[in-house]
Structure formats: structure tokens, C-alpha cells
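# Chain and residue survey
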Amino acid sequence: MDKQRLVQTAEALVAAKKGILAADESGGTIKRRFYSINVESTEENRRNYRELLFRTAGISEFVSGVILFDETIRQEGADGTPLVKVLLDQGIVPGIKVDKGTISLPGAPDELVTEGLDGLGDRLKEYAELGAGFTKWRGVISITGNTPTSYGVSANAHALARFAALSQEAGLVPIVEPEILRDGDHSIDQCFDVTEEVLREVFNQLAQQKVLLEGMLLKPSMVISGGSAAQRAEPEEVAERTLDCFKRVLPASVPGVVFLSGGEPDGSVTANLNALNQRANKVGAPWELSFSFGRSLQGAPLAAWAGKLENTEAAALAFYTRARLTSAARQGNYVPEEKEMSAV
Ligand code: 5MM
């Protein structure tokens, strides 16, 4: 394992002002996203849409890495240039989603566990040859009256750590994503408790499986109120509770946190990221607090594109604007813009 290279890549992914674009929607997810704009999910449409994101002029100012799906890492742009090269030529690190989605956890039908460990070592070797510098695996935890159970938490944490150890062995920086879904009416206190339990177990498993913490990134959800909670916590409280939780369970040797957006509206997820960085600037935090957003970076450009070639420029502008504002929030300098407010 080339430890130095892992550390360098992890640090580059959370370089100042920059974060990650999650464009790794699997077949079913991209189909749903395209359905929302009345576009058929063909290979050509998926290529055209993702290529326009990757070729958006100036995007490397804000984007350090892009998480790809298996199809995309093998795909060529309209002029025959591999999409991986389009990214590498701009100094953007290509990454790859390597999990194979979730199934019901045996013996715990209300919980999910992520598949994809079988044969992962060989797949990682191929992805490294194709140009990937990092990998991502997502575990899914939901907060309900009877979940998560300690069995559900430990099964997901174990798989995340197995994935991380295998990735580092292949020279790839693992992005460990234990997503606690926002669905439900739970309070921010319940989210705090579940986040603490999950991260504690994830880092316990990472330590047991000898993962180099300096050569990985954490992709968590923020500590927030459930999406349908009667009273939702404001950004300052989200920032305070999230950092308080992390201080208990997240080792300082992890170079960075790249938050997911989780389906939270663009305005509020950006304000939350901004409050997190403002608080970290004030009270201090050992980790870079950045982003690895899917929906919150792509909602506006997807709507502007609407599957039409003539909308490419408008979609690129929408993506550039969301990336610029998210980068501002990543530095604690975000000021909502009027145009942006009407677009979301
Ligand atoms: C972009 O969406 C990713 C792929 O999801 P599926 O495997 O369900 O198709 C997803 O893993 C994403 O990277 C994270 O959930 C973060 O995305 P959001 O939209 O929550 O920022």
C-alpha cells in the first residue's frame, strides 16, 4: 500500500474551496431523475447529460473529484474523448461507486445492508487501471420507531470497513458513506444519538480492519431534524450539533468530511454547510468540512437541461452557479442569491 499517495489524494479531494460532485447514480436512480424532466434514460442521454456537467467551463475551481458509475468510467464523450480524460485534463480526480446497492438485512427485514464485497478486489484493480483515484460505498440507515438496531448498525459498519480496507490495498482512497436518511419526523436529538452510534461503530470497524485514517474521507449526513419534523432545526443548531457529535466519535487523523446533501432543499443544505464552516472557523475543527453532493449540485442543471441540446449552455451555467455557491458555503462565505432562490 502506497500510504503517501493515499494521503495526498485524500488531501487533494478536500483542497481549499473544493469538494466532490456525486454523479454516480445507478440505473434506477438516473431513470427516476430523468423521468422527473420527461427524458428517457438511454445511454446517449446519460452520456450527454454527464458530459455537459464535466465540460462546464471553470468547474475545476470548485470541484476536486467526481464520483462516477461503472458505465460512465468506461464511456467516451461525443467527440470520442474518454470522460475520464475530460476530468483528468482539468486536474479533477475521477472516482467510482463500487457498492452494488442495498438488500434487506437477513433477520432484520426493516433494515438494509449494502452488497458488493464479492470479487471487489478484482474490480478495484480494473478501476485503478481505468484511471480512478478513489472509491465510494454507501451504507443506509433509517430512523424509525424500531430502527436502527445494533445488528443493523454493525452489519453496515463492517461492510463499510471491508470496502475501505480493500480500496486502500488497491491504492484507492475510500469514501466511507454511512447515510442516515432524513425521511421521517424524528427530532435533531434522535438524529444526534443515531449519528453518534453509527459513527462510533464505523470507526471501531475501520480500526479493527486496519484502515489508514489519514488516507480516507468520511461522507456523512449532517445532524438535522427529520424531513417531516414539525419543527426543523436552523443552520446554527445543525452546525453546533453536528460538530459536537463529530468531536465525540470522529478521529482528528481523518483529513476531511465530505457531506452528502440527502434530498435537503438546495437553500437549506447550502446554508447548513455554510454554518458548519463558520462555526469551525470560530471554535476550530481538525477536519476540512466539504461536500460530496449529488442532488444539491445537479437539481438546477438537470431542470435547465431538460434533455435538449440547445439548453446545454443554460444547464452548464446552472451547474457552475450551484458549484460556486456550494464552494462559498464550504468556506463559510455563502450569501444566498436572489436568482438562486427563484431557481430552487
Ligand atoms: C448520486 O447519488 C448516488 C447514487 O445513489 P444510488 O446508488 O441510490 O443510485 C448516492 O450514493 C450519492 O452519492 C449520495 O447519496 C449523496 O447524494 P445526495 O444527493 O444525497 O447529495
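Residues numbered from 1 in each chain as written. Predicted model: local features only at pLDDT ≥ 70, side-chain atom pairs only at ≥ 80, totals over all residues. Heavy atoms only, no water.

## Quick notes on the pairing of strand β3 (residues 93-97)
Among the five residues of β3, five are classified as buried, and the element is accordingly described as predominantly covered. Of the two faces of β3, the one carrying V93, G95 and K97 and the one carrying P94 and I96 are both buried. The pairing of β3 with strand β6 (residues 134-141) spans three bridges and is parallel. Across the sheet, G95 pairs through a bridge with F134, a residue of β6. (Buried < 20%, exposed > 50% of the residue type's maximum accessible area, 1.4 Å probe, protein only. Helix = DSSP H or I, 4+ residues; strand = E, 2+ residues; numbered from the N terminus. Pairing = 2+ DSSP bridges.)

## Considerations on unusual backbone geometry
With an omega of 0°, the peptide bond between T147 and P148 qualifies as cis. Tracing the chain through its elements places P148 in the loop between β6 and α7 (150-169). One non-glycine residue with positive phi stands out, namely K17, at about 75°. Here K17 is to be found in the loop between α1 (3-13) and β1 (19-22). Of the residues examined, K17 reaches a relative accessible area of 44% and is grouped as partly exposed. If you check the backbone angles, A306 has positive phi at about 55° while not being a glycine. Tracing the chain through its elements places A306 in the loop between α11 (295-305) and α12 (312-330). Overall, the relative accessible area of 23% leaves A306 in the partly exposed class.

The values reported here are purely geometric and, on their own, carry no functional implication.
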